[in-house]
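Commentary on secondary and tertiary structure
Now for the letters of each chain:
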Amino acid sequence: MHISLKPELLFNLGSFPVTNSILTSWIGTLLLIVIAIVVGGNFKRIPAGIQHVFEMVYEMFEGMATEVMGAAGKKFVPLLATLFLFIITSNWLGVLPGVGSLGIYETHAAAPAKDTHAAPAKDAQAKPAAKDAHAAPAAKDAHAAPAKDSHAKDDHGPVFVPLFRGANADLNTTFALAIIVMVIIHVMGIKSAGLSHHLAHFKNPLEIVSEFSKILSFGFRLFGNVFAGEVLLTAMASIFVIITGNNLLAYGALGGFIVFPFLMLEFFVGFIQAFVFAMLTLSFLSLFYKTENSEPHH
Amino acid sequence: MELTQLAKALAIGIGAIGPGIGLGIIGGKAVEAVGRNPEVTGQIRTIMILGMAFTEAVAIYALVISLIIQ
């Protein structure tokens, strides 16, 4: 059982490092694009099949947006639905079996790549450098692996690099989403109320701090929930390792049996977090977006 | 090494106290509300789950910190 806070580097595309989490997010995006083409291509007046699901999502956010912001809220339904669909797709792809467990063993001279999460997770892009720089504390990092028994060779042998990793189990993705959302919120605030009116919100310097803390809480909430879910699944799958020992069949059977309800829980959490992200976006938008009849409410 | 492990345990252990109390309050109040008017059970459940997600996030922050501690 090894837990890596940051994504692993798979290969470089020119100078652009491709990590396993970005690969998963590309797969999710591709999936959404294909579904969008299929559903949008033969759009019917009377919905059938998968069109139902997307109309349901759209109507859910349309109802919510008009409830919070009035008729002006309809403008933001595409944004909210996009955020929701992207996050829920990434979350659900992340709990599929094979994500995190399917991978390759890489051999490096300086091997402790998986345990060097001392570096902030945002530094993932600087990974090749970090790999070499952390060659020295290799021995110190050995204690970070809780289950040393079967992974003792990891300290200098080949490193396990998962091919896929839930896109939102990576701080880069969640902070990117958070920053996108906060920029949109402020741009829309300035566009609707004018710069001077928008800046009037920030007479108290504490308000500026709270804007940055919103980014932090957006990013950490999503990352924490998804990442903690993966850790939970890993921990639950290996909870019987003392009984089963090296018997892989018993390990798989017992682990699968125990992990099943938690998998269901993770699907639920994935939905809830996507919904919460979109709803928070909407409620923060409504704080700054000025509509004609919004004055009596606030 | 032992101190690091202690720090990890304390971070999530202490950090889980507040959200635990909060979740208990949310669940209890939701049950009270359902007991008072059962016809809005669906709405109460939605609000309760949302509130729980926000409260749980506080514990998740502590968990992130405890995972970051090296």
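Residues numbered from 1 in each chain as written. Chains lettered and ligands numbered in written order. Predicted model: local features only at pLDDT ≥ 70, side-chain atom pairs only at ≥ 80, totals over all residues. Heavy atoms only, no water.

1. Side note on the overall build of chain B
Spelled out, the test is: Numbered from the N terminus, helices here are DSSP runs of H or I no shorter than four residues, and strands are runs of E no shorter than two. Only protein chains enter the calculation, and the probe is 1.4 Å; a residue is then buried if its accessible area is under 20% of its type maximum, exposed if over 50%, and partly exposed in between. We get accessible surface area from the Shrake-Rupley algorithm with a probe of 1.4 Å; when it comes to residues, only the shown protein chains can shield them.
Within chain B, the regular secondary structure consists of 3 helices and 0 strands. For chain B, the N- to C-terminal ordering of α and β elements is α-α-α. Residues counted as buried form 21% of the 70 residues belonging to chain B. On chain B, roughly 4300 Å² of surface is accessible, and the fraction owed to carbon and sulfur atoms is 72%.

2. Thoughts on the packing of aromatic side chains
Residues and elements named next belong to chain A. Filter applied, for reference: Pairing of aromatic side chains here covers Phe, Tyr and the six-membered ring of Trp, requires ring centres within 6.5 Å, and sorts the geometry by plane angle: under 30 degrees stacked, over 60 edge-to-face, intermediate tilted.
One pass over the full model with this rule turns up 11 aromatic pairs over all chains. Between the aromatic rings of Phe61 and Phe275, the centroid separation amounts to 6.4 Å while the plane-to-plane angle is 40 degrees, which identifies the pairing as tilted. Placement of Phe61 in helix H2 (residues 50-69) and of Phe275 in helix H11 (residues 248-288) is noted, with a sequence separation of 214 residues between them. In this structure Phe275 comes out as buried when scored by relative accessible area, which is 9%. Consider the rings of Phe84 and Phe271, whose centres lie 5.9 Å apart with planes at 90 degrees: the pair is edge-to-face. With Phe84 in helix H3 (residues 77-95) and Phe271 in helix H11, this pair connects stretches of sequence that are 187 residues apart.

3. Section: the interface of chain A and chain B
Put simply, the rule is: In this analysis, two residues are considered to be in contact whenever any of their non-hydrogen atoms come within 4.5 Å of each other. Defined here as a combined quantity, buried area equals the accessible surface (1.4 Å probe) lost by two parts on assembly, summed across both. Salt bridges are defined as contacts in which a side-chain nitrogen from Lys or Arg sits within 4 Å of a carboxyl oxygen from Asp or Glu. Polar contact criterion, stated in full: a pair of N or O atoms within 3.5 Å, where within protein one must be able to donate a hydrogen and the other to accept it, and residues adjacent in sequence count only if both atoms are side-chain atoms. When residues are sorted by character, Ala, Val, Leu, Ile, Met, Phe, Trp, Tyr, Cys and Pro go into the nonpolar class, Asp, Glu, Lys and Arg into the charged class, and all the rest, Gly among them, into the polar class.
Between chain A and chain B, the residue contacts involve 22 residues of the former and 14 residues of the latter. Between chain A and chain B, roughly 1600 Å² of surface is buried when both sides are summed, and carbon and sulfur atoms account for 75% of that area. Here chain A is connected to chain B by 0 salt bridges. Summed over the shared surface of chain A and chain B, the number is 0 residue pairs in polar contact (both at pLDDT 80 or more). Listing elements by their share of the side of chain A that touches chain B, those giving two or more residues are helix H9 (205-237) and H11 of chain A. The element contributing the most residues to the side of chain A that touches chain B is H9(A), with 8 residues. In terms of residue class, the side of chain A that touches chain B is built from 13 nonpolar, 6 polar and 3 charged.

4. Points about a nonpolar patch on the surface
Residues and elements named next belong to chain B. Inclusion rule: Note that patches include only residues with greater than 30% relative accessible area and no salt bridge, and the join distances are 9 Å for like charges and 5 Å for nonpolar side chains (Val, Leu, Ile, Met, Phe, Trp, Tyr).
There is a patch of nonpolar side chains on the surface, built from Leu3, Leu6, Leu10, Ile14, Ile17, Ile21 and Ile25 and spanning about 730 Å² of accessible area. Where the nonpolar patch is concerned, the elements lending two or more residues are helix H1 (2-15) and helix H2 (17-36). The leading source of residues in the nonpolar patch is H1, at 4 residues. Mapping Ile14 onto the fold places it in helix H1.

5. A word on the pairing of strand S2 (residues 16-19) of chain A
Residue and element names in this part refer to chain A. Stated formally: When DSSP finds two or more bridges between two strands, those strands count as paired.
Direction of pairing for strand S1 (residues 9-13) relative to S2: antiparallel, over a ladder of 4 bridges. Bridging across to S2, Leu9 finds its partner in Thr19. Counted between consecutive antiparallel strands, the loop separating S1 from S2 contains 2 residues, among which Gly14 sits at a positive phi close to 70 degrees.

6. Some details on the pattern of salt bridges
Should their charged atoms come close, side chains of opposite charge can pair. All names here are of chain A. Under the criterion given, the structure shown has 2 salt bridges over all chains. For Glu62, the salt bridge identified is with Lys74, shortest N-O distance 4.0 Å. On the criterion of sequence distance, the pair formed by Glu62 in helix H2 and Lys74 in the loop between H2 and H3 is long-range, its members being 12 residues apart. With a relative accessible area of 22%, Glu62 lands in the partly exposed category. Across the pair Glu211 and Lys214 runs a salt bridge whose closest N-O atoms are separated by 2.9 Å. A residue pair is termed a helical-turn pair when its members lie 3 or 4 positions apart in one helix, as Glu211 and Lys214 do in helix H9 at 3 residues.

7. Here we look at helix H1 (residues 20-41) of chain A
Residues and elements named next belong to chain A. Keep this limit in mind: To estimate how far a helix should extend, the number of its residues minus one is multiplied by 1.5 Å.
Taking 1.5 Å per residue as the helical rise, H1 with its 22 residues ought to reach 32 Å, and the 31 Å between its terminal C-alpha atoms agrees with that figure. Burial in H1 covers these residues: Asn20, Ser21, Leu23, Thr24, Ser25, Gly28, Leu32 and Val39. For H1, the secondary structure elements touched by its buried residues are S1, S2, H2, H3 and strand S4 (159-162).

8. Structural notes on the confidence of the model for chain A
As a note on interpretation, predicted positions should not be read in detail where pLDDT is low. Filter applied, for reference: Scored between 0 and 100, pLDDT is the confidence that the predictor attaches to each residue.
In this model, chain A carries an average pLDDT of 78, and 80% of its residues clear a pLDDT of 70 or more. Considering only residues more than four positions removed or in separate chains, one finds that residues 109-154 of chain A, a stretch of pLDDT under 50, has 59 contacts.

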